[in-house]
Every structure is written in C-alpha cells, then in structure tokens.
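Take a look at the letters that make up each chain.
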Amino acid sequence: MLADLTAGAVEDSERRRLERPFDEVERRALAQTPALDALAALAPADRVKIIAEVKRASPSRGDLAAIPDPALQAARYEEGGASAISVLTEERRFKGSLADLEAVRARVAVPVLRKDFVATEYQVLEARAAGADLVLLIVAALEQPQLTRLHALVQQLGMTPLVETHSADELARASDLGARLIGVNARNLSTFELDRDLFGRLADRFPADAIKIAESAVLAPDDVRHYRAGGADVVLVGEALVTSEPVATLHAFLEAGS
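If you're wondering where the values come from, they're calculated on a predicted model, not measured in any experiment.

### A few points about the nonpolar core
Thinking step 1. Counting 67 residues, the largest nonpolar core has Tyr-77, Ile-85 and Tyr-227 as the members making the most contacts within it.
Thinking step 2. Here this core takes five residues from helix α6 (residues 121-129), the largest share from any one element.
Thinking step 3. Leaving out residues up to four positions away in the same chain, Tyr-227 has contacts with Ala-186, Arg-196, Phe-199, Ala-214, Glu-215, Ser-216, Ala-217, Val-218, Ala-232 and Val-235.
Thinking step 4. Counting residues in hydrophobic clusters, the runner-up holds 22 residues, among them Leu-5, Phe-94, Phe-117 and Leu-162.

### Notes on the layout of surface pockets
Thinking step 1. Size it by volume and the largest pocket reaches roughly 500 Å³.
Thinking step 2. Lining the largest pocket we find 30 residues, and of these Lys-55, Lys-115, Asn-185, Arg-187 and Ser-216 sit closest to its centre.
Thinking step 3. Of all the elements in the fold, those that place two or more residues in the lining of the largest pocket are β6 (134-138), β10 (234-237) and α11 (239-242).
Thinking step 4. Considering only residue class, the lining of the largest pocket consists of 16 nonpolar, five polar and nine charged.

Calculation notes
Residues numbered from 1 in each chain as written. Predicted model: local features only at pLDDT ≥ 70, side-chain atom pairs only at ≥ 80, totals over all residues. Heavy atoms only, no water. Core = buried A, V, L, I, M, F, W, Y, C linked by side-chain atoms within 4.5 Å. Buried < 20%, exposed > 50% of the residue type's maximum accessible area, 1.4 Å probe, protein only. Helix = DSSP H or I, 4+ residues; strand = E, 2+ residues; numbered from the N terminus. Contact = heavy atoms within 4.5 Å. 1 Å grid on protein atoms, 1.4 Å probe; cavity = no way out; pocket = protein on both sides within 12 Å on 5 of 7 lines; lining within 4 Å. Points joined across faces, edges and corners; volume = space filled by probe spheres on them. Nonpolar A, V, L, I, M, F, W, Y, C, P; charged D, E, K, R; others polar.

Laid out in structure tokens, this is it:
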C-alpha cells in the first residue's frame, strides 16, 4: 500500500511538472515568504501541542468529510488552539490537493505541513512554492540516501522536515539524519492496523533534542492523555477533528494533554 501510494503521488507530480516545469516551481519556491519556525511552534511545553489535519478521506476509512472550504476548517483548528495545521495533498486516496494547502496557508498564522508521499525534489519545491512550512518525509518509503537528500533540501528551503517512523530501526535512521522533528505513526502502512502503544515503546529511543510526535489512533481525549503520559510533546489528529465539532474537540484534547 505504501509503495502504491508513493508511486501514485510521484506520478501525479510528474503530470504537474509537464504543466509547471521544475525551473518555474523552483523560482516560485525561492520567491515565497520565508517559512514559519515550526520547531519553535511545536517546542515542548507544559501541555501537549496538537497538529490538526485537514483530511477528507483515507485508504483505511474511505470518505470522512467533504470539507468544501479547507481554509475555514483550518481557521477553526487555529481557533481551537492547534499549534500547526497538516494538509493532506495526496489526490487519489486522500482527495487532497496543493490548492488546499495554498488556501490554508493564506488563512492561518500557524505553521502548515504538507502531508503527502514525498519522494522527489520536485515535490519538496512544490511544497515551498505553495507556502508549506513543514514537509512530511516517511522513512519507510525512502532509501537512506534519498531520505538524506530530501531532508537536506527541505532545510535548505527554510522548511522543517517531519520525519515519520514506524519502528525502532526507522527511528534510528531518523536519528542518523539529525532530525529534530520525529513522529511515530501508530498505523502500520502495510496492514493499516493500529498500535496505540507503539509510541510508548519507542519514546526512549528519540534523540535528546528531538520533538516527539505521536501520530494516528487519536479519537478521544483518553488517547491524547495516553500519548502525553508516554512522553509525546505533540499529537497529530485528523479523523477525530473532521468528524466532529473541531473547536470543542480540540479544547477537550488539549485539556486531556495538560
């Protein structure tokens, strides 16, 4: 599934590249307003911080919410206390787009993450050209030289890489990069099964200076409380926010993680 999602995302980016060549996107990326400091926004505090996700659908759950106005959805997240906004830009299975990211970036004052299956330099440049402050890099989808190259490019463009892991070996690879923002995704991207305890088992393997992010399996305040007790600095939440009243849900989640 992960290989298929990554291949599809790259194929779609190559289609866009025919319409907007590499040099043009690079010029737009370099001309963008400087990226916001995501490390400062997500720095450890006396309560958990939340990355709130604009997410219409997923391969495991199908359609979740129509979200006709992603910018309004993101504004509600910011109102509710989210420290950053994640925008799914994958088109095929998550029904997102770079236009969603651009709309969100224009509306909110907090950092914005491009969440996609990024495997090429062109996709990184697209992210910056659209106004992203962070870019997701999934360790399981990338060979180490490729991961190292993309991690460096994200930083060269002034953005922050969010390096996603699913195992102790992947966490070690993220550490070898010198990654400062590392996530553990509870969802197995091969089987799509969830393991809420995976973060806690890996928490003591994070580099000392890394911000610890727990991803997936967050549906109720108790899930946030569980991750916070396990050492999470940040929790990424998607489905629970798009299927409920987001401001009230965020308040409840932040209270649980205080």
